[in-house]
Amino acid sequence: MERLNEEQIEQALQKLSNWKRVDEKWIQRKYRFKNYLAGVRFVHDIANYSENIQHHPFISIDYKVVTVKLSSWQAKGLTDLDIEMAAHFDEVYENGEK
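Residues numbered from 1 in each chain as written. Predicted model: local features only at pLDDT ≥ 70, side-chain atom pairs only at ≥ 80, totals over all residues. Heavy atoms only, no water.

### Overview of the pattern of salt bridges
In a structure, side chains of opposite charge can pair up when their charged atoms sit close to one another. Taken as a whole and judged by the stated rule, the model has four salt bridges. Here K34 ties to E97 by a salt bridge, and the two come within 3.9 Å at their closest N and O atoms. On the criterion of sequence distance, the pair formed by K34 in the loop between β2 (26-32) and α2 (36-53) and E97 in the segment after α3 (80-95) is long-range, its members being 63 residues apart. We classify K34 as exposed; its relative accessible area is 53%. Residue E97 pairs with R41 through a salt bridge whose shortest N-O separation is 3.0 Å. Placement of E97 in the segment after α3 and of R41 in helix α2 is noted, with a sequence separation of 56 residues between them. Residue E97 is classed as partly exposed on the basis of its relative accessible area, which comes to 36%. (Salt bridge = Lys/Arg side-chain N within 4 Å of Asp/Glu carboxyl O. Helix = DSSP H or I, 4+ residues; strand = E, 2+ residues; numbered from the N terminus. Buried < 20%, exposed > 50% of the residue type's maximum accessible area, 1.4 Å probe, protein only.)

### Digging into the pairing of strand β4 (residues 65-70)
Along β4, five of the six residues are buried, which leaves the element largely enclosed by surrounding structure. Where β2 and β4 come together, six bridges link them in antiparallel fashion. In the strand pairing of β4, I27 is matched with L70. Where strand β3 (residues 58-62) and β4 come together, five bridges link them in antiparallel fashion. Note that in β4 the partner of F58 across the bridge is K69. (Pairing = 2+ DSSP bridges.)

### Looking at α3
Across its 16 residues, α3 extends 23 Å between first and last C-alpha, which sits within 8% of the 22 Å expected from 1.5 Å per residue. Residues D82, I83, M85, A86, F89, D90, V92 and Y93 constitute the buried set of α3. The inward-facing, buried residues of α3 contact α1 (6-15), β2, α2 and β4. (Expected span 1.5 Å × (residues − 1). Contact = heavy atoms within 4.5 Å.)

### Overview of the environment of R41
We classify R41 as partly exposed; its relative accessible area is 40%. Along the primary structure R41 and K64 are separated by 23 residues, whereas in three dimensions their C-alpha atoms are 11 Å apart. Other than its neighbours up to four places away in sequence, R41 contacts N35 and E97.

These results come straight from atomic positions and should not be treated as a statement about function.
Now the structure itself:
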């Protein structure tokens, strides 16, 4: 996995909805749900996906808000895989129960 440069990161963030850069090596998004269990089901879905591809995000559940942070430890920053995962998580959210 190769780390993305600044220009690549900026271009990727323009295509992602509601993802923000944090501390120069993370991207983060907060997903809001109508209730706690809808958020937990979302976490279950993205956790299974993450386990299958062996790339694990930081996930926190705060009642009806799920926060996801992505970065690649081996690359010491963001990679294409992080961007692909963010897009996949957005798709899961858009097609799921909010």
